[in-house]
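So you can see what is in the structure, the chains are spelled out below.
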Amino acid sequence: MHDLKARVANRVQLTTDGHVAYLRGVTDAFGSEIDYAQLQKIYGSPKGTPETRYSPAVCMGARKAIISGALDYSHVSTSYVERQNLTMRMSMRRFTRLTNAFSKKLENHEHAVAIHYMYYNFGRIHQTLRVTPAMKAGISDHIWSIDEIITLL
């Protein structure tokens, strides 16, 4: 959270899930200089269904809690980060349960994540943007090859 605080120039609105470590981290890093909310999703299994080992739980509802600041209640959401996590899981099988595509060393795992995000932002044309995110942001003038990305990292 301190790293995030150092990277943002203006007051931001942040939403996290209900994990208590986020509450401590956000208040420690930002104090009252943030519009902060928590969104707790309530999961369970519908009545009358048999227990299944590999089926995901069903989201039965959600609670929004304003922690600090004057935030826009309609924008309290974790959808963007959940979509990003899904993209990462689908692109890198090391984040998928029950696979053998895992890293035995933390250093290898970190490198795999770095390569994924470099490719995602600098080497992959996004359908909605029609260019890479880096080109859209004006920080790159070409589509990077995987060789350029690996050489940089």
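No experiment lies behind these values; they were computed from the predicted model shown. (Residues numbered from 1 in each chain as written. Predicted model: local features only at pLDDT ≥ 70, side-chain atom pairs only at ≥ 80, totals over all residues. Heavy atoms only, no water.)

Colleague: Sorry if this is basic, but what is going on with the overall build of the protein here?
Modeller: Helices and strands together make up the secondary structure of the protein, namely 6 helices and 3 strands. Listing the helices and strands of the protein from first to last along the sequence gives α-β-α-β-β-α-α-α-α. Taking 153 residues into account, the globule formula puts the C-alpha radius of gyration at 15 Å, and the protein, at 19 Å, lies well above it. Summarising its shape, the C-alpha atoms of the protein cover approximately 50 × 45 × 35 Å along the three principal directions. Counting every position in the protein, which comprises 153 residues, the buried fraction comes to 22%. In the protein, once contacts between residues fewer than 6 apart in sequence are set aside, the share between residues at least 24 apart is 41%. For the protein, the accessible surface area stands at approximately 11400 Å², while carbon and sulfur atoms represent 54% of it. (Helix = DSSP H or I, 4+ residues; strand = E, 2+ residues; numbered from the N terminus. Rg over C-alpha atoms; globule rule 2.2 N^0.38 Å. Buried < 20%, exposed > 50% of the residue type's maximum accessible area, 1.4 Å probe, protein only. Contact = heavy atoms within 4.5 Å. Areas by Shrake-Rupley, 256 points an atom, 1.4 Å probe, with all protein chains shown as cover.)

Colleague: What should I look at first to understand the pattern of salt bridges in this one?
Modeller: Oppositely charged side chains can pair when the atoms bearing their charge come close. As enumerated under the stated definition, the model contains 3 salt bridges in all. One salt bridge in this structure joins Asp35 and Arg11, with 2.9 Å as the shortest N-O distance. Linking Asp35 in strand E2 (residues 35-44) with Arg11 in the loop between helix H1 (2-7) and strand E1 (13-16), this pair joins segments that are 24 residues apart in sequence. Here Glu82 and Lys41 are joined by a salt bridge, their closest N and O atoms 2.9 Å apart. Within this pair, whereas Glu82 is found in helix H3 (residues 79-91), its partner Lys41 is found in strand E2, the two being separated by 41 residues in sequence. (Salt bridge = Lys/Arg side-chain N within 4 Å of Asp/Glu carboxyl O.)

Colleague: I would appreciate a short explanation of a nonpolar patch on the surface in the present structure.
Modeller: On the surface, a cluster of nonpolar side chains totalling about 230 Å² of accessible area is made up of Met1, Leu4 and Tyr22. Mapped onto the fold, Leu4 is located in helix H1. (Patch = residues over 30% accessible without salt bridge, like charges linked within 9 Å, V, L, I, M, F, W, Y side chains within 5 Å.)

Colleague: Looking at this structure, I do not really get helix H4 (residues 106-123). What am I missing?
Modeller: Residue pairs spaced three or four apart in an α-helix point in one direction, given the helix's 3.6 residues per turn. With 18 residues, H4 extends 24 Å between its outermost C-alpha atoms, agreeing within 8% with the 26 Å of an ideal straight helix rising 1.5 Å per residue. Ala112, His116, Met118, Tyr120, Phe122 and Gly123 are the residues of H4 that are buried. Of the surrounding secondary structure, the elements contacted by the buried residues of H4 are H3, helix H5 (133-136) and helix H6 (146-152). (Expected span 1.5 Å × (residues − 1).)

Colleague: Where do I start with the sheet that holds E1 in this structure?
Modeller: One key point about sheets: their strands pair by backbone hydrogen bonds, in either a parallel or an antiparallel sense. One open sheet holds the 3 strands; their spatial order is E1-E2-E3, and the pairing between them is mixed. Each of the sheet's edge strands pairs with one partner strand only, and the pair in question is E1 and strand E3 (58-68). Adjacent strand axes in the sheet meet at a mean angle of 20° when their direction is disregarded. Pairing of E2 with E3 involves 9 bridges; the strand directions are antiparallel. Bridge pairing in E3 links Ala37 to Ile66. Along the sheet face, helix H2 (residues 20-30) touches E1, E2 and E3 and points at about 175° away from the line of E2. (Pairing = 2+ DSSP bridges. Axes fitted to C-alpha atoms, helices over the stretch in contact; angles between N-to-C directions.)

Colleague: Sorry, what's going on with the packing of aromatic side chains here?
Modeller: When we look at a pair of aromatic rings, we describe it by the centre distance and by the angle of the planes. What the rule picks out here adds up to 1 aromatic pair. Ring centres 4.8 Å apart and planes at 55° place the aromatic pair Phe122 and Trp144 in the tilted group. One end of the pair, Phe122, is in helix H4; the other, Trp144, is in the loop between H5 and H6, and 22 residues separate them in sequence. The same class applies to Phe122 as to Trp144, namely buried. Over the ring of Tyr73 we find Lys64, and its NZ or CZ is 4.9 Å from the ring centre. (Phe/Tyr/Trp six-rings, centres within 6.5 Å; stacked < 30°, edge-to-face > 60°. Lys NZ or Arg CZ within 6 Å of the ring centre and 35° of its normal.)

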